[in-house]
Amino acid sequence: MRRISVFGATGSIGVNTVDLLRRQGGAETFDVVALSGGRNIALLAEQARELRADIAVTAFPELLAELRAALAGSDTLAAAGPAAIAEAAARPSDWTMSAIVGAAGLAPGLAALGRGGTLALANKESMVAAGPLMLTEAARNKARILPVDSEHSAIFQAMNGEEKRVVERIILTASGGPFRDWPLEKLRDATPAEAVRHPNWNMGARISVDSASMFNKAMELIETKEFFGVPPEQIEVLVHPQSIVHSLVGFVDGALLAHLGPPDMRGAIGYALNWPRRSPGPLERLDLGAVGRLDFSPPDERRFPALALARAVMRAGGLNGAAFNAAKEVALDGFLAGKIGFLDMAGIVETVLEKMNSGDDLKITTFDLDRVLEVDRLARQAGKDAMARVKNRF
Ligand code: NAD
Ligand code: MG
């Protein structure tokens, strides 16, 4: 039986992953090793019972007693805290889903890569903050990383069987989010409630706000560069409001291969789960006749400054991605908490990058987890300082 672990099992990606495991036979088909979650103990325990997981881990130590009680009478071991999550990720498994949100997904992802097998990577933050580290760790342990972000899955599928040297460009599509057509003036006053209302995809709150600011696409630019090893100038972004073309790859002969599908993450998750084969999946079948038209336009980098910031990060490389990711997370928290405005998020990230690039913080060449976590810490502090100054302006 194939051994499976799911980190972030109770989130949007996690629940979709569990849904696919269930549809393919659940505990009858898979040997489920570890599941992790956060505050939703009831759901984590229910998933662990259904899939007969060896261990279930909540990120929060104070919830351990509750998890133990919820798992009473089952064969699943209860554990809690970041170290327990990383330990669970180091348990032998053939296929591991990395679907924790934020930089917290980095250590478990690395732990999973440390013992080989396949890592299905939804946690784009780990590629943005520590792409070279993730790839080295995978190579060192003969582990494989399969992309789960819909764009990167689309690119991966379009490149299937092609040599890297025949790839001329990669075009990432972006829905444009709920603020696609909002003028700059209106963006200034955008609220968190407005920002989480994504027109096409049903996702966690944080990635939904990132989609509205296009920080999500900015992260995906960096993720593309790191994952596929293409130079930044060969990666483009195209706004495509229908979210049906998930991305495109252009080849040296002028051919452009697109991947199309309904906006349902079970497409990309299922592809990673069944790779290198395809298996029957629950996606609604596209009726292009009913869709009628597909629109494309270039993004407006003035209203969405996150994209230019990502380009600067890609050019600078090294630990800039770690600083970018951490500063973005702090700014996002600030926006969600009502401390700063929507457009302040990009301003904060820019300030942090400027500050950290003016010193030596990002110049160190050794790329290990401790160094990444140290840069993450420094960038968060710099982000909080910058945020305090924004607040004081009012
Ligand atoms: P979510 O918020 O719905 O779920 C996050 C999961 O991580 C939950 O299980 C939560 O309990 C857990 N978690 C939260 N904080 C944690 C912490 N500090 N330590 C350990 N676990 C923690 O998020 P999501 O939308 O499922 O996204 C998960 C990841 O997948 C993110 O990196 C996101 O960028 C990426 N992704 C999501 C989508 C999508 O459609 N939702 C698409 C592409 C990529
Ligand atoms: Mg995506």
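Scroll up to find the structure this text is about.
Residues numbered from 1 in each chain as written. Chains lettered and ligands numbered in written order. Predicted model: local features only at pLDDT ≥ 70, side-chain atom pairs only at ≥ 80, totals over all residues. Heavy atoms only, no water.

**Q** Any chance you could break down the overall build of the protein for me, citing the residues and the numbers?
**A** Each helix and strand counted, the protein has 17 helices and 11 strands in total. The buried share of the protein, taken over its 394 residues, is 54%. Put simply, 68% of the contacts in the protein that link residues at least 6 apart link residues at least 24 apart. When the accessible surface of the protein is totalled, it reaches about 16,800 Å², and 52% of it is carbon and sulfur. Distance from the positive charge centre (44 side chains) to the negative charge centre (47 side chains) of the protein: 1 Å. (Helix = DSSP H or I, 4+ residues; strand = E, 2+ residues; numbered from the N terminus. Buried < 20%, exposed > 50% of the residue type's maximum accessible area, 1.4 Å probe, protein only. Contact = heavy atoms within 4.5 Å. Areas by Shrake-Rupley, 256 points an atom, 1.4 Å probe, with all protein chains shown as cover. Lys, Arg positive; Asp, Glu negative; His and termini not counted. Charge placed at Lys NZ, Arg CZ, Asp CG, Glu CD.)

**Q** Give a detailed account of the nonpolar core, specifying residues and quantitative values.
**A** Among the nonpolar cores identified, the biggest contains 80 residues, and Met134, Phe215, Phe324, Phe342, Met345 and Val372 are the most heavily contacted of them. Broken down by element, the residue count for this core peaks at nine residues, all from helix α15 (residues 320–336). Looking at which domains feed residues into this core, each of domain 1 (2–147) and domain 2 (161–262 + 290–392) gives three or more. Discounting chain neighbours no more than four positions away, the residues touching Phe215 are Asp210, Ala306, Leu309, Phe324, Lys328, Met345, Ala346 and Val349. One finds Ile4, Leu44, Ala53 and Leu67 within the second-largest nonpolar core, a separate group that totals 34 residues. (Core = buried A, V, L, I, M, F, W, Y, C linked by side-chain atoms within 4.5 Å. Domains from an automatic or database assignment.)

**Q** Tell me what's going on with the layout of surface pockets, and back it up with residues and numbers.
**A** Of the volumes computed, that of the second largest pocket is approximately 540 Å³. Contributing to the lining of the second largest pocket are 29 residues, with Arg266, Gly267, Ala268, Arg278 and Leu283 lying nearest its centre. Those elements that place two or more of their residues in the lining of the second largest pocket are α1 (12–23), α7 (150–158), β11 (256–260) and α12 (266–274). Examining the composition of the lining of the second largest pocket, we find that six residues originate from one element, α12, more than from any other. (1 Å grid on protein atoms, 1.4 Å probe; cavity = no way out; pocket = protein on both sides within 12 Å on 5 of 7 lines; lining within 4 Å. Points joined across faces, edges and corners; volume = space filled by probe spheres on them.)

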